[in-house]
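Fold and contact review
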Amino acid sequence: MAAQIHPKPLTRKPVLLSKVEGSQDVVNMAVIVPKEDGVISVSEDRTVRVWMKRDSGQFWPSIYHAMPASCSCMCFNPETRRLTVGLDNGTISEFVLAEDYNKMNPGKTYLAHQARVSMVLFVLEMEWLLSTGQDKLFTWHCSESGQRLGSYRTAACASCLQFDVETRHAFVGDHSGQVTILKLEQDNCSLITTFKGHAAGVTALCWDPVQRLLFSGSSDHSIIIWDIGGRKGTALELQGHNDKVQSISYAHHTRQLISCSADGGIVVWNMDVERQETPEWLDSDSCQKCDQPFFWNFKQMWDHKKIGLRQHHCRKCGKAVCGKCSSKRSTIPLLGFEFEVRVCDSCYETITDEQRAPTATFHESKHNIVHVHYDATRVWLLTSGADKVIKLWDMTPVVS
């Protein structure tokens, strides 16, 4: 059998290609126009803008369209040039862009939600329009008739959405930290399961239909990889951000996960390595290394005339340990810990320098990122931010 050769991961810093400025408020979402030097953006300032690159090298708006409410999200389908915009007032507006991207013609308006639309997806294969809102509803409409086909009430305000065309599974993340998986039919849906792994709200979802992996980012600064296709319930955790994860994207051809956080951090994860699940934290009334009682273990403290100690956990083995038996810190990238974390002294001795080698690279965008969009054909990354700025980055790796 021939050996599988995978592209090398990113080994240099992203190169800033362009800055697109001119929005008057937060740019909630933006996308790169395929095969064009153009960007489509929606903003809290109620505008939809199509920016095209001029001969001067600068981006200027070829379309400037004011909406009746703040634009919270968008979806662009390049094949049909259909632009779908979610608004703060709960409605969704549809447009078709001209071939030269200098005009957009209005289409249907959907009264989809009673509160801010958090995510909208147009599924060309089914002619469905999927959306989530802060009214705790997930809805889907027929984009041909404009008729609502169904809805599902989520546990908390729905914040993000992904869809698998092959199985018709919708993945809905919400502010409680839960991911709900629904099976959609033409006019009804059924609950498949829910994933609970985050300690705070789910802020971003990304679906890889090839490997059948679901990536979820959260306000708890972590990313969880849910192995849907493996059917083993595997969940791998990635810890590499110092602030809430705002948006994630997956580059299939290089098998890299790109995640961005509110503090401007961009992390590029090499997904071509064999990662391991983080161990569950074990319960114990005393240190599982030296047997000293923890401070709530009154009986052992009284029997041995000892003061109780604070409980910690080793991130490598999951055992409950005291501070004296876990005095070391180490990175454990294959378990998802790119920053140094607490490990027990015996586990620390087993971690080799090779096992401490990072599986991600860290970069600073110097703006508060709200959303990212990745163009695999040109290996460009777009970041839009609360600072009203859109940035385009060249993510091409250096192959030595």
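With an unreviewed UniProt entry as reference, the chain is termed FYVE-type domain-containing protein, source organism Hymenochirus boettgeri. The record in UniProt for the chain states the following under Subcellular location (unreviewed entry): "Early endosome".

1. Quick word on the overall build of the chain
Secondary structure summary: the chain contains two helices and 32 strands in total. Principal-axis analysis of the C-alpha atoms gives the chain an extent of 80 × 50 × 50 Å. When the 400 residues of the chain are sorted by exposure, 53% land in the buried category. Of all intrachain contacts in the chain linking residues separated by at least 6 positions in sequence, the fraction that spans at least 24 positions is 45%.

2. Digging into the state of the cysteines
Here the structure, examined in full by the defined rule, presents zero disulfides. This cysteine, cysteine 260, is not joined by any disulfide, and cysteine 206 carries the nearest cysteine sulfur, 12 Å off. Cysteine cysteine 290 shares no disulfide, and the gap to the nearest cysteine sulfur, in cysteine 287, comes to 3.7 Å.

3. Here we look at the pattern of salt bridges
Under the counting rule described, the total for this entry stands at eleven salt bridges. Taking the shortest distance from any N to any O, the salt bridge between arginine 255 and aspartate 272 comes out at 3.3 Å. Linking arginine 255 in the loop between strand E22 (245-251) and strand E23 (256-261) with aspartate 272 in the loop between strand E24 (265-270) and helix H1 (298-304), this pair joins segments that are 17 residues apart in sequence. On the basis of relative accessible area, arginine 255 is assigned to the partly exposed category, the value being 22%. Overall, the relative accessible area of 28% leaves aspartate 272 in the partly exposed class. Through salt bridges that share partners, Asp37, Asp375 and Arg378 make up one connected network.

4. A look at the packing of aromatic side chains
Across all of its chains, the model carries seven aromatic pairs by this definition. Measuring from ring centre to ring centre gives 4.5 Å for phenylalanine 195 and tryptophan 226, while their planes differ by 10°; the resulting arrangement is stacked. Linking phenylalanine 195 in strand E17 (residues 189-196) with tryptophan 226 in strand E20 (residues 222-227), this pair joins segments that are 31 residues apart in sequence. One cation-aromatic arrangement involves lysine 328 over tyrosine 348; the distance from NZ or CZ to the ring centre is 5.5 Å. Positioned above the aromatic ring of tyrosine 348, the side-chain terminus of arginine 356 is 4.9 Å from the ring centre.

Thresholds, definitions, all that
- Numbers given to residues run from 1 along each chain, matching the order in which its sequence is written.
- Local features in this predicted model are restricted to residues whose pLDDT is 70 or higher, and side-chain atom pairs enter the listing and the counts only when it is 80 or higher, whereas totals over whole chains, interfaces and linings include all residues.
- Side-chain numbers come from the whole structure's heavy atoms, not from hydrogens or water.
- UniProt positions are given in the numbering used here, feature names are shortened, and annotations may be inferred rather than shown by experiment.
- The way it works is that DSSP assigns letters per residue, a run of H or I at least four long becomes a helix, a run of E at least two long becomes a strand, and they are numbered from the N terminus.
- Whether a residue is buried, partly exposed or exposed follows from its accessible area with a 1.4 Å probe, protein chains only, as a fraction of its type maximum: under 20%, in between, or over 50%, in that order.
- Note on definitions: a residue-residue contact is assigned when non-hydrogen atoms from the two residues lie within 4.5 Å.
- What counts as a disulfide here is a pair of cysteine sulfur atoms lying within 2.5 Å.
- A side-chain nitrogen of Lys or Arg and a carboxyl oxygen of Asp or Glu constitute a salt bridge if their distance falls within 4 Å.
- Within 6.5 Å between ring centres, the rings of Phe, Tyr and Trp (the latter by its six-membered ring) count as paired, and their orientation is classed by plane angle as stacked under 30 degrees, edge-to-face over 60, tilted in between.
- The rule for a charge over a ring is simple: NZ of Lys or CZ of Arg within 6 Å of the ring centre, and within 35 degrees of the ring normal.

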